[in-house]
Amino acid sequence: MAPSSVVVTIDKPSNISLVEVDDSETSVFLEKQKTASTKQFSWLLLLKAQRILSFFPWLAMGVSKTFVSVKKRIALSDSSKDEVKYKERIMYKFIRVFLAISIVALVVEIIAYLQNWDLKLIPSEAMGLVHLSYMGWISFRADYLAPSITMLSQFCVLLFMIQSLDRFILGIGCFWIKLKKIKPVIDDQSYDIEDPSSFPMVLVQIPMCNEREVYQQSIASACQLDWPKDRILIQVLDDSSDELLQILIRNEVNSWKEKGVNIIYRHRFVRTGYKAGNLHSAMSCDYVKNYEFVAILDADFQPNPDFLILTVPHFKGKPDLALVQARWSFVNKDENLLTRLQNINLCFHFEVEQQVNGHFLNFFGFNGTAGVWRIKALEESGGWLERTTVEDMDIAVRAHLNGWKFIYLNDVKVLCELPESYEAYKKQQHRWHSGPMQLFRLCLPAILSSKISKWKKANMIFLFFLLRKLILPFYSFTLFCVILPLTMFIPEAELPIWVICYVPVTMSILNILPSPKSFPFLMPYLLFENTMSVTKFNAMVSGLFQLGSAYEWVVTKKSGRSSESDLLAFAERESKSFSEDKIQRRLSDSGLDMLGKLKEQEIPIVVEKKKNRIYRKELALAFLLLTAATRSLLSAHGIHFYFLLFQGLSFLAVGLDLIGEQVN
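Residues numbered from 1 in each chain as written. Predicted model: local features only at pLDDT ≥ 70, side-chain atom pairs only at ≥ 80, totals over all residues. Heavy atoms only, no water.

A. View of the UniProt feature "transmembrane region" (unreviewed entry) in the protein chain. UniProt's entry tags residues 90–114, 144–162, 461–489, 495–513 and 619–634 with the feature "transmembrane region" (unreviewed entry), counted in the numbering of this structure. This span, residues 144–162, is 100% helix and 0% strand, and a straight line between its end C-alpha atoms measures 28 Å. As a span, residues 461–489 carries 100% helix and 0% strand, and end to end its C-alpha atoms are 37 Å apart. (UniProt positions renumbered as here; feature names shortened; annotations may be inferred. Helix = DSSP H or I, 4+ residues; strand = E, 2+ residues; numbered from the N terminus.)

Rendered as structure tokens:
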């Protein structure tokens, strides 16, 4: 056939056509097409190369900024305050020894990897001392270490699954409440607005201690509660050690008293027992016997004016009701990553735990604030005791053992603020996890001898205390911070993928459902919760064995974020001038001396630089996990490597105080 002909074949044999194309025209056409394709391909390559090259400067700039930030934070760190105190040295030494052994083991494994030794089987011929030592190490870990680690990991996995089942059941209970639209209802009619005498007498208590940032807004919110003026009394229970601040708070109280508000200022000369001692002292006043209910509002809480209208009527017709608890709402939940992660945890606590326990059991742990108590229930349950740092949980447990019931109102929200610095959050979490273990030791005999049903006893012992207060921090720290790094050097006891990936992610999704806008922070939440396990585990051990740190009480640092920043700045300027004017008008020469001291005290506060802290336990665990991640890379563990890598980086960020705000 001629080279200038093209044969086109059709399916039907009868239809065959020959088309002749001029060879010169065809060659020109193909040449043009080839030239265009080459140019397009070249431009495509150049475009991709430009994108790749532009990525490296962006990456280098990001890494550079990160290192500069880390270097700056380390340079500004407060070395005078050692984070590892005496009571924590045992745990810190354990982590350091674990880290040193892991580094030595990693060096041996790298030598074995470079020498092409089998990392799983014993070599047939031993050559050299290092090779012989490696043989002995493999034999020892397979015969002795692996069985022990496997048993411990299986025990922790069992606890993990029990706790996950508890979370799942709570989620189903919350779904049922939402599906059936179950809400607490008021049995009787509300109070007659035209007859103030029909309203019960309510006492409002605002305990505070050196709350310079929030005392004004808390007092103002309480004074604006919608309730008959002659049926309410506001107690400002000031435990401040700063004399200048005492004067400011006293003058704030006097200014509201001049406006017709029934409010008093109370300061203890002997400040013992922290918040419990403060509340116990206030309840011992003679006039308290004239009041039927007491509402407790911490210094950073700002209730809406209808707070009492929505809570107190639930007591009508329910003589066995002791507590009506409202939900917390946070003004600074979007302030930084730390507050976002806290919001996820607390939303699950209030939306799921408190609501389900309140509906099905009529019992939950009192949150210490944003609640209204029947004073009779407080008195019959023994009142406020100073034996633990969780006086709110203590009085709730004792009231439940005496047969009193609780109601939780998920729709009634009270504004407050979350800790914005990791230091403040860590101290808060230590108190919240050491106190329950203290209380468990003290209350166990009373629980066993109480007259409540066996089901309620079992719920309080195994679910309320052991599962949610002890088991959770124990398995979280042991499984993800101890056993998982160990299994990288002892592969015979390897954890399955579903334990370190699928189940934790599923449970994190369940925890994040009450705050759906937080779904983008799912993985940071999972990593941060594991990071906080070291603090919670240490607190749990301190409370369980009555160590010195179990009795520490540190007031959570507040920032006073009650509205937009510009309004806050304006309010601060106005409050300063107003406070100075009140001191000048109300006080004598001694008051003017106090004013001078106040002005002198403000100078160093303005010029003081913010400093971060270095958390050594978290840093040691970060290097431990990164060492284990390097070992997992040699054996190509996949999911294990990525989990250890990102978990180690999470510990590193927390250890360098790169999460949250810094504090003065």
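And the narrative resumes.
B. Summary view of empty space enclosed by the protein. Counting across every chain of the model gives two cavities of 30 Å³ or more. Of the pockets and cavities examined, the largest cavity occupies roughly 50 Å³. Taken together, Ala222, Cys223, Leu225, Lys229, Ile232, Ile234, Val261 and Asn262 form the lining of the largest cavity. Put simply, the parts of the chain that give the lining of the largest cavity at least two residues each are helix H4 (215–223) and strand S4 (232–238). Here the lining of the largest cavity is composed, by residue class, of six nonpolar, one polar and one charged. (1 Å grid on protein atoms, 1.4 Å probe; cavity = no way out; pocket = protein on both sides within 12 Å on 5 of 7 lines; lining within 4 Å. Points joined across faces, edges and corners; volume = space filled by probe spheres on them. Nonpolar A, V, L, I, M, F, W, Y, C, P; charged D, E, K, R; others polar.)

C. Helix H14 (residues 522–544), seen in detail. The terminal C-alpha atoms of H14 lie 31 Å apart, and with 23 residues this matches the ideal 33 Å at 1.5 Å per residue to within 8%. Bending of H14 peaks at approximately 35 degrees at the position of Ser533. Taking burial as the measure, the 23 residues of H14 include 19 buried ones, the bulk of the element. Gln546, located one to two residues past H14, shows a positive phi value of around 55 degrees. (Expected span 1.5 Å × (residues − 1). Bend = angle between axes of the 7 residues up to and from the residue. Buried < 20%, exposed > 50% of the residue type's maximum accessible area, 1.4 Å probe, protein only.)

D. A look at a nonpolar patch on the surface. A surface patch of nonpolar side chains, about 450 Å² in accessible area, is lined by Met161, Ile497, Trp498, Tyr502 and Ile639. Top contributing element to the nonpolar patch by residue count: helix H13 (residues 497–512), with three residues. (Patch = residues over 30% accessible without salt bridge, like charges linked within 9 Å, V, L, I, M, F, W, Y side chains within 5 Å. Areas by Shrake-Rupley, 256 points an atom, 1.4 Å probe, with all protein chains shown as cover. Salt bridge = Lys/Arg side-chain N within 4 Å of Asp/Glu carboxyl O.)

E. Highlighting the pairing of strand S8 (residues 371–374). Side chains of S8 alternate between two faces, with Gly371 and Trp373 and Val372 and Arg374 buried alike. Across three bridges, strand S7 (residues 321–330) lies against S8 in antiparallel orientation. By the bridge assignment for S8, Gln325 is matched with Gly371. (Pairing = 2+ DSSP bridges.)

F. Spatial organisation of helix H11 (residues 422–449). In a regular helix each residue adds 1.5 Å, so 28 residues correspond to 40 Å; H11 covers 41 Å between its end C-alpha atoms and thus fits that length. At Cys443, H11 shows its strongest bend, of approximately 50 degrees, with the proline Pro445 following within four residues.

G. Seen up close, the pattern of salt bridges. Using the criterion set out here, one finds 18 salt bridges in the structure. Measuring nitrogen to oxygen at the nearest pair gives 3.2 Å for the salt bridge that ties Arg141 to Glu492. Taken together, the positions of Arg141 in helix H3 (residues 129–180) and Glu492 in the loop between helix H12 (454–489) and H13 put the pair 351 residues apart, joining distant regions of the chain. A salt bridge links Arg374 to Glu292, with the nearest nitrogen and oxygen atoms 3.7 Å apart. Placement of the pair is Arg374 in strand S8 and Glu292 in the loop between helix H6 (274–283) and strand S6 (293–296), with a sequence separation of 82 residues. Here Arg374 falls in the buried class, since its relative accessible area comes to 9%.

H. Layout of the packing of H13 against H14. For the pair H13 and H14, interaxial distance at closest approach is 10 Å and the crossing angle is 110 degrees. Judged by the inter-axis angle, H13 sits roughly perpendicular to H14. Residues Pro504, Val505, Ser508, Ile509, Asn511 and Ile512 of H13 pack against Leu522, Tyr525 and Leu526 of H14. Residues of the contact of H13 with H14, tallied by class, amount to seven nonpolar, two polar and no charged. (Axes fitted to C-alpha atoms, helices over the stretch in contact; angles between N-to-C directions. Parallel < 35°, antiparallel > 145°, perpendicular 65-115°, else oblique. Contact = heavy atoms within 4.5 Å.)

I. Region of the structure containing unusual backbone geometry. For Tyr274, which is not glycine, the phi dihedral falls at a positive 55 degrees. Mapped onto the fold, Tyr274 is located in helix H6. One non-glycine residue, Ala370, lies in the positive phi region at around 60 degrees.

J. Molecular detail of the environment of Ile344. Within the secondary structure layout, Ile344 lies in helix H8 (residues 337–360). For Ile344, a relative accessible area of 0% gives the class buried. The contacts of Ile344, once residues within four sequence positions are left out, are Asn511, Ile512, Ser515, Ser518, Phe521 and Tyr525.

K. Region of the structure containing the nonpolar core. Counting residues in hydrophobic clusters, the biggest one holds 90 residues, and the most contacted among them are Ile219, Phe307, Leu308, Trp373 and Val397. Ignoring anything within four residues of it in the chain, the contact list for Val397 reads Phe363, Leu439, Cys443, Met460, Phe464 and Phe465. With 51 residues, the next largest nonpolar core counts Leu467, Leu479, Met507 and Leu625 among its residues. (Core = buried A, V, L, I, M, F, W, Y, C linked by side-chain atoms within 4.5 Å.)

L. Representation of the packing of aromatic side chains. All chains considered together, the criterion is met by 24 aromatic pairs. Seen from their ring centres, Phe94 and Phe98 are 6.1 Å apart, and the 40 degrees between their planes marks the pair as tilted. With Phe94 and Phe98 both in helix H2 (residues 89–114), this residue pair falls four residues apart, about one helical turn. What makes Phe98 buried here is its relative accessible area of 10%. Aromatic pair Tyr422 and Tyr615: ring centres 5.0 Å apart, planes at 85 degrees, arrangement edge-to-face. Here Tyr422 is found in helix H11, whereas its partner Tyr615 is found in the loop between helix H16 (589–607) and helix H17 (616–634), with 193 residues between them in sequence. (Phe/Tyr/Trp six-rings, centres within 6.5 Å; stacked < 30°, edge-to-face > 60°.)

M. Region of the structure containing the sheet that holds S7. Overall, mixed pairing links the seven strands, which are arranged S5-S4-S3-S6-S8-S7-S9 in an open sheet. What marks the edges here is a single partner per strand, and that holds for strand S5 (263–267) and strand S9 (405–416). Within the sheet, the average angular offset between the axes of one strand and its neighbour, ignoring direction, is 20 degrees. Where strand S3 (residues 202–208) and S4 come together, seven bridges link them in parallel fashion. Of the residues in S4, the one forming a bridge with Gln205 is Gln235.

N. Region of interest: the environment of Arg616. With respect to the helices, strands and loops of the structure, Arg616 is situated in helix H17. Sequence separation of Arg616 and Arg96 is 520 residues, and the distance between their C-alpha atoms is 9.8 Å.

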